[in-house]
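# Working through the structure, step by step
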Amino acid sequence: MSEANSKSPFAILDQPTRPDDAGRPGPYPRSPALSPRVNPQGEAVTLTIDGKSVTTAPGTVLIEAARQVGIEIPSYCYYPGLSLQGACRMCVVSIEKMGKLQTACTTIVSNGMVVHTDSDEVKNARKAMLEFLLTNHPLDCPVCDKGGECELQDAVFRYGAAETRFLETKQHEEEKKFSSLVYYDRPRCILCYRCIRVCDEGMDVNAYGIGFRGGLSVIIPNRGEHLECEECGMCIDVCPVGALTSGTYRYKTRPWEMTHVGTICNHCGDGCKTTLAIRNNQILRANNRDHSGFNGEFLCAKGRFGWDFVNSDQRLTAPRIKRNRQLESGSWEEALSTAAARLNEIIAKSGPDSVAVLGSNHTANEENYLLQRFARTILGTNNVDHHRTGDFSSLVGALTAANATDRYATMQDVFEASSILLLGSDPTHEHPLVAYQIRQAVRRHDARLYIVNRAELKLRRQASLYLKVEDEGAAVGALAGTGAASPELGTLRERLSKENDTVVVFGDALRGEQVTGLVRWGLTLPGKSRFVALGDYANSRGAADMGVLPDTLPGYAAVADAAARARFESAWGAEIPAQPGRNARAIFAGIESGEIKALLVFGSNPVRSFGVKPETLRKLEFLFVADLFPTETAEVADVVVPAASFAEKSGTVTNTCGQIQALKRTMRKAGTRSDFEILVALAAQFGANWPYRSSEDVLKEIIAQVRGYAIPLPALLVGGAVVTRPQGNPPPLERADLIFSARDSLFTSGSISRYSWALNSLDEAKKPHGTIF
Amino acid sequence: MLSDALKAKFDKIIARYPLKRSAIVPLLMFAQDEIGYVSDEAIEEIARRVEVRPIEVIEDIGYYSMLHRQPLGKYNIQVCTNVSCLLRGGEEILEHCSKKLGIGHKQTTPDGLFSLEEVECLGACCGAPAMQVNYDFYENLTPQKIDALIEKLRSDGAKKSP
Ligand code: SF4
Ligand code: SF4
Ligand code: SF4
Ligand code: FES
Ligand code: FES
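Rules used throughout
Residues numbered from 1 in each chain as written. Chains lettered and ligands numbered in written order. Predicted model: local features only at pLDDT ≥ 70, side-chain atom pairs only at ≥ 80, totals over all residues. Heavy atoms only, no water. Helix = DSSP H or I, 4+ residues; strand = E, 2+ residues; numbered from the N terminus. Rg over C-alpha atoms; globule rule 2.2 N^0.38 Å. Buried < 20%, exposed > 50% of the residue type's maximum accessible area, 1.4 Å probe, protein only. Contact = heavy atoms within 4.5 Å. Areas by Shrake-Rupley, 256 points an atom, 1.4 Å probe, with all protein chains shown as cover. Lys, Arg positive; Asp, Glu negative; His and termini not counted. Charge placed at Lys NZ, Arg CZ, Asp CG, Glu CD. Near = heavy atom within 4 Å. Nonpolar A, V, L, I, M, F, W, Y, C, P; charged D, E, K, R; others polar. Core = buried A, V, L, I, M, F, W, Y, C linked by side-chain atoms within 4.5 Å. Polar contact = N/O pair within 3.5 Å; in protein donor to acceptor, adjacent residues only side chain to side chain. Axes fitted to C-alpha atoms, helices over the stretch in contact; angles between N-to-C directions. Left-handed = near helix turned anticlockwise from the far one by under 90°. Patch = residues over 30% accessible without salt bridge, like charges linked within 9 Å, V, L, I, M, F, W, Y side chains within 5 Å. Salt bridge = Lys/Arg side-chain N within 4 Å of Asp/Glu carboxyl O. Pairing = 2+ DSSP bridges. Right-handed = clockwise from strand over helix to strand, strands pointing away. Domains from an automatic or database assignment. Buried area = accessible area lost by both parts, 1.4 Å probe.

With that settled, consider the overall build of chain A. Helix and strand content of chain A: 26 helices and 32 strands. The globule rule puts the C-alpha radius of gyration for 773 residues at 28 Å, and the 28 Å found for chain A is close to it. Expressed along its principal axes, the backbone C-alpha trace of chain A runs to roughly 90 × 60 × 50 Å. Within chain A, the proportion of its 773 residues that are buried is 61%. Residue pairs in contact within chain A that sit at least 24 positions apart in sequence constitute 70% of those at least 6 positions apart. As displayed, chain A has an accessible area near 28600 Å², and 51% of this comes from carbon and sulfur atoms. For chain A, the distance from the average site of its 86 positive side-chain charges to the average site of its 88 negative ones is 1 Å.

Residue and element names in this part refer to chain B. Listed as buried for helix α3 (residues 40-50) are Ala42, Ile43, Glu45, Ile46, Ala47, Arg49 and Val50. Packing partners of the buried residues in α3 comprise α1 (4-15), α2 (24-35) and α4 (54-63). A positive phi of about 60° marks glutamate 51, the residue just after α3.

Near ligand 1, the surroundings consist of Cys199(A), Val205(A), Ala207(A), Tyr208(A), Leu227(A), Cys229(A), Glu230(A), Glu231(A), Cys232(A), Gly233(A) and Cys235(A). When its residues are assigned to classes, the shell around ligand 1 shows 8 nonpolar, 1 polar and 2 charged.

Let us look at the nonpolar core. All names here are of chain A. Residues Tyr76, Leu130, Leu152, Tyr208, Ile219, Leu244 and Leu449 are the most contacted members of the largest nonpolar core, which totals 84 residues. For this core, the leading source of residues is helix α13 (residues 432-445), giving 7 residues. Among residues more than four places away in sequence, those in contact with leucine 449 are Ile420, Leu422, Ile438, Val442, Leu459, Gln462, Ala463, Ser464 and Leu465.

Each neighbour pair has its own omega, and for Ala128(B) with Pro129(B) the value is -10°, a cis peptide bond. For Pro129(B), the position within the fold is in the loop between β3 (114-119) and β4 (131-133). With a phi angle near 55°, Asp204(A) is a residue other than glycine that sits in the positive phi range. With respect to the helices and strands, the residue Asp204(A) is situated in the loop between α5 (194-202) and β10 (208-211). The exposure class of Asp204(A) is buried, given its relative accessible area of 3%. Positive phi values are uncommon outside glycine, yet Asn403(A) reaches one of about 55°.

Before going further, it helps to spend a moment on the side chain of Gln659(A). Residue and element names in this part refer to chain A. Tracing the backbone through its elements, the reader meets glutamine 659 in strand β31 (residues 659-663). At 3.0 Å, the side chain of glutamine 659 and the backbone nitrogen of methionine 411 are in polar contact. In this structure the side chain of glutamine 659 is engaged in a polar contact, spanning 2.9 Å, whose partner is the side chain of glutamine 412.

What follows covers the site of ligand 2. With respect to spatial proximity, 14 residues lie near ligand 2, and among them Cys189(A), Cys192(A), Tyr193(A), Cys195(A) and Cys239(A) are the closest. The class makeup of the residues in the shell around ligand 2 is 13 nonpolar, no polar and 1 charged.

The next thing to look at is the packing of α1(B) against α3(B). Residues and elements named next belong to chain B. In the contact formed by α1 and α3, the axes pass within 11 Å of each other and the chain directions differ by 35°. For the crossing formed where α1 meets α3, the hand is right-handed. Every residue of α3 that contacts α1 at Lys7, Phe10, Asp11 and Ile14 is listed here: Glu45, Ile46, Arg49 and Val50. Class assignment for the residues of the contact of α1 with α3 results in 4 nonpolar, no polar and 4 charged.

Among the surface-exposed residues, Glu91(B), Glu92(B), Glu118(B) and Glu120(B) lie close enough to one another that they form a single negatively charged patch. Looking at the element boundaries, Glu118(B) is found in strand β3.

With that out of the way, let us pick up the sheet that holds β3(B). Residue and element names in this part refer to chain B. Taken together, the 5 strands give an open sheet; going across it, the order is β2-β3-β1-β4-β5, and neighbouring strands pair in mixed fashion. The sheet terminates laterally at β2 (107-108) and β5 (136-138), the two strands that pair on one side only. Two elements, strand β1 (residues 75-80) and β3, share 6 bridges in a ladder whose sense is parallel. Bridging across to β3, tyrosine 75 finds its partner in phenylalanine 114. Sitting on the sheet, helix α6 (residues 90-101) touches β1 and β3, and the angle it makes with β1 is about 150°.

Right, let's get into the sheet that holds strand β5 (residues 92-95) of chain A. Sheet architecture is open: 5 strands sit in the order β4-β3-β7-β5-β6 (chain A), paired in mixed fashion. This sheet does not close on itself; its edge strands, each paired only once, are β4 (52-56) and β6 (102-103) of chain A.

For the rest of this paragraph, the subject is the pattern of salt bridges. Scanning the model with the defined rule gives 51 salt bridges over all chains in all. As a salt-bridge pair, Arg188(A) and Asp140(A) come within 2.9 Å of each other at their nearest N and O atoms. Here Arg188(A), found in the loop between β9 (182-184) and α5, pairs with Asp140(A), found in the loop between α3 (120-133) and α4 (151-159); they are 48 residues apart in sequence, far enough to count as distant. Assessed through its relative accessible area of 22%, Asp140(A) is described here as partly exposed. The salt bridge involving Arg743(A) is made with Asp508(A); its shortest N-O contact spans 2.9 Å. Taken as a pair, Arg743(A) in the loop between β32 (722-723) and α26 (757-760) and Asp508(A) in the loop between β23 (503-506) and α16 (513-522) lie far apart in primary sequence, 235 residues in all. Shared partners join several salt bridges into a network, and the residues in it are Asp11(B), Glu45(B), Arg48(B) and Arg49(B).

Here we take up the pairing of strand β18 (residues 355-358) of chain A. Residue and element names in this part refer to chain A. Side chains Val355 and Val357 of β18 all project onto a buried face; the interleaved residues Ala356 and Leu358 project onto the opposite face, where all are buried too. Looking at chain direction, β18 and strand β27 (residues 598-602) are connected through 4 bridges and run parallel. What sits directly across from leucine 358, in β27, is valine 601. In terms of strand pairing, β18 meets strand β19 (residues 384-385) through 2 bridges, oriented parallel. Bridge pairing links leucine 358 to aspartate 385 in β19. Read as a crossover between parallel neighbours, the route from β18 over helix α9 (residues 365-379) to β19 is right-handed.

Another aspect to go through is the domain arrangement of chain B. How large an interface is tends to be reported as the accessible area lost when its parts come together. Along its sequence, chain B is organised into domain 1 (4-63) and domain 2 (75-160). Averaged C-alpha coordinates put domain 1 of chain B and domain 2 of chain B at centres separated by 28 Å.

Residue and element names in this part refer to chain A. Assigned domains within chain A: domain 1 (3-133), domain 2 (320-390 + 540-754) and domain 3 (392-534). Here domain 2 and domain 3 have C-alpha centroids that lie 31 Å from each other. Listed per partner, the contact involves 27 residues of domain 2 and 23 residues of domain 3. Taken together, the two surfaces of domain 2 and domain 3 that pack against each other cover about 2200 Å², and 57% of this comes from carbon and sulfur. Together, Thr656, Cys657 and Arg725 form the three largest contributors to the area buried by domain 2 at its contact with domain 3, with a combined 24%. The interface formed by domain 2 and domain 3 contains 2 salt bridges.

What follows deals with the pairing of strand β21 (residues 448-453) of chain A. All names here are of chain A. With 5 of 6 residues buried, β21 lies mostly within the body of the structure. Sheet analysis places strand β20 (residues 419-423) next to β21, joined by 5 bridges and oriented parallel. Note on β21: the bridge partner recorded for leucine 422 is isoleucine 451. Relative to strand β22 (residues 465-468), β21 runs parallel, the two being bridged by 4 bridges. Opposite asparagine 453, over in β22, you have lysine 468 as the bridge partner.

Now the structure itself:
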C-alpha cells in the first residue's frame, strides 16, 4: 500500500495486513474503495479557480481546493471522508486545456490548472444533470421532511430546471419502512450512494446495496425488506434529499420552524456534540448539524434517536413524599424541608457518618462538585461515591507519578493515531464513537490496531493483530515484564516497539495496579504514547474528576492529604472530615448492617446498577432520591424530587478522554429542577448560603480550584471541547469490584434508555448483547 | 443443499482469480444451473466463500437479468426482440409464445414447465428471429416451429419429470 501511495495520490483502501486472516469474524468488509490521499507534507500545488489563485496540498481534490477559497461546487455523491464515487456529475467544472467538462470531486489538483466553476457551459451541464435527476423525482417538497434543507432543492433553485423534456409518467413506488427508525422513499432517491458508503466505510455495517440497474436502480436493505444494523441513522443524515427519513422526525415539522441548540449527548462517555432541534418545548430531532465537535457528523443510535426519554410522559414532574407508607405528591418546599429535617435528626442522633451520598454518571460537573461539597461540608461525611465504570483515578495517579500528565489522549488523537492499542473493552457496543474513530484511523490514516481482549469483537476486522487472552490484567503484567510472557505477547510487544505515538485505550477490565503497570510500560513505548480510560456514561469521568469519591477530593487530591483539605476548606469556609469515607460497596454493607441510616441518591439507580435489593434500601431510616424517572430506587424512597434532564440545564460534562464541553439548556420541563438548583436549595435548608447563582459560578470555582481544570472559559462557551489534564495523588483502589462497566449495548444506557420509545422500538435492541451487525 | 460437486467447482473457480470476489458471477451461474435459481442458501454460501456480505451478492443478482431468485420453469424460453429479430418478426414470435403458454414476460406456467422472457440480442442475428431455451438456440422461427417445439418440450418434460 505504501508503495502505491508514494506514486499516486490514490491508494486502494483494502484492509490492513491481517496476520490472522483465516479466523476473523465475518461478515467481511466490502470491496476496496478509492479514496484520495492528501499529503500535507508534500510540495504544495498552485492552481487558479475562477480567477483566484489557490495553493494546497498535493492529493487534494478540486472540489475541496475550491472550498478552501470559498467557492462552493455542488455535489451529491461526493461526501468528505468517504471514498469517491463520481456518480452524479453535479460537480462538473471546465478545466482549460481539457476537452470535456471534468468532475471536480475526482480530479486531483495539479500545478497551473485553470478551472472555471461558473461558466455558462458548466451551468448548462448542471442544469441538464438536474433535469435527469428529476425525471422520476416526485417534487413533493411541500410535504418532504427535507424541504428547506435539501441539497437537490437548493441546486434546482440555483440552476433552475423547472421545465422537463421527459414526457413519460414518473415511476412511483411506495415508501418502505426499513426499520422503526429508517424509512426509504424510492422516488426521491437520487442514487448518490452516500448511504451505502457511510454505512460501509463509516460504520462497517454494510447494510445497504443497490438493487437492479439503470432507471430501476433502488437502494435495498440487507434483510429482504428490512434493515438489521447498528441503527446509527448516519445514512439518514448524509442523504442529500428526503429519500431516507427518520422514524422519530418524519412529517413532524418543517426545518425552519425549529430552534437548534448545540449541546452534548447524554448517553455514553464519548461526548458527541449534537444539535437538538426544538419546537414547542419538545425535542424533535438530534444531529450534529454543523459537524462541529470531534464526532463530525457521527452520532450513534442513542445520540441520534435516544434523546426521547426527555419527552417521556413517565418523567417525574412533582416531588413525592412518603406519607403513611405511600408516596404522594407534594411541594418542593415540603420535600426539601422534610429532607433537611430528617437528615438533621439522623445526624444528631447517629452522627454524620451514618449518612451517605450516591452521585450520578449523567449529571454535570458543577452538580457533582456541589454534591461532594454538600456531603463533605454540610452533612459532614466523606461517605460519597458513585457507580465507577472506569478507573480514571489510577490513570491520573500513574500519569502524575510519571510526570506525564501531557499524555491524556483526546478523541481526535484516536482518530489521527498511527497506532492504537485496545485492551479489555468492546467499543463497538459500549463506546460507539471510539469505535468509529478507530475505524476511521485505520481506513483513512492506515493506522495499525492492536487488540488484547478476552472476547471476540467486531473491531477485530480492523485489527493488525488480535490477541485473545483469558485475562487482560495478566496480559498487561506480561507486557510490562512482570508476569509470564507468551510468544504472542512477545510479538505484540515487538510490533509496538516499532510503532510511534501509540494511543492506548483500555476498558474496565483493567483496574488499580494493572492500570498503573500499563501506564508505566506504555510510557516506555517509542514516541509520545497517550492514554484513554473508558468509562460508561456522559459524565463518568466528570464524577471522578469532581471528587464524587470517598477518598478523593476534586482533582484527585487525597482526602487524607491535609494540605489538599486545607485548600478546599479555605475555599468553602467549612471543615472537611479527615477520615476517608465509605465506598459504594461499603455504603450498601453499612445499610445492611444498620450503620448507614440515611442515603441520598442523585441520578442513580443502585437497585439496577449495583444489584442492591429494594429490601436493603427499605432498612434505611431515610432515603432521598433525585431522578428523572420513578426508578426502582425511587420507588422505595421517602422523598423523591424530579430532576431536570441534560436538555433542560446548563453546565459542563467531561468525556471519557477528559475533554470538557458545555451543555446548553434547550428547553424547560415544568416541575423539575436541575441538580444544581436542588443542591443549592437543599444547602440553604441547612442554613448554608452558597454563593452560586448559576452553574457558571460553580464552573469558575472549579477552574480556580480543581487541578487540571484551569481551562479557558471562552473556548468552552463557544462550544469547543477543551482538554483537561488532571494531576493528583489519589489513594490506591480499595477493591477491584468498585469499578465495573454496566456493559450497555448500542441501544441502552443504564436506566434512562428504558424510557426511550425509539431505542426500544428496534428489533436489534432485542438481540443479545454483543450481536455484531 | 448445494451438492459436493458444485462446492468443489466453487473452490476451483475461486482459485482462478486474484481477488476472491471476482468469482461472484460465475459462481452464481453455476449455482443457478444446479438449483434452477439462486436460493438464499446459495447467496449465503457464495458470500461466505468470496468473503463479501450477502448484500453484495444480491446486488449482482439484481444487476444481471439472467440471474433469478425465484425458480424458473423447467424450460426457460428467451425470445429476442432486438433489432435484427425485430425486423424479422421477433415481436410476433414473442406474442405467439405468450398466447400459446398463457404467460407474459418473466412469468412461469402453473405446471412449472415453462417460463418466458423477452431478451436482448442473443448473438444469433444471422438466424433471426431467434430464441434460446435454457442453453439451446432455435433460429429462423415461425409460429409453426414454435408450436412443434413447445409440444415436444411438453412431452419431454412430462416424460422426464417423475
Ligand atoms: S442506520 Fe443502519 S443502515 Fe443506516 S448507516 Fe447506520 S448502520 Fe448503516
Ligand atoms: S437514499 Fe439518499 S443517500 Fe442513499 S443513494 Fe438515495 S439519495 Fe443518496
Ligand atoms: S457515541 Fe456516545 S456520546 Fe456519541 S452519540 Fe452515541 S451515546 Fe452519544
Ligand atoms: S459530486 Fe462529483 S460526480 Fe457526484
Ligand atoms: S437481434 Fe436477435 S439475436 Fe441478435
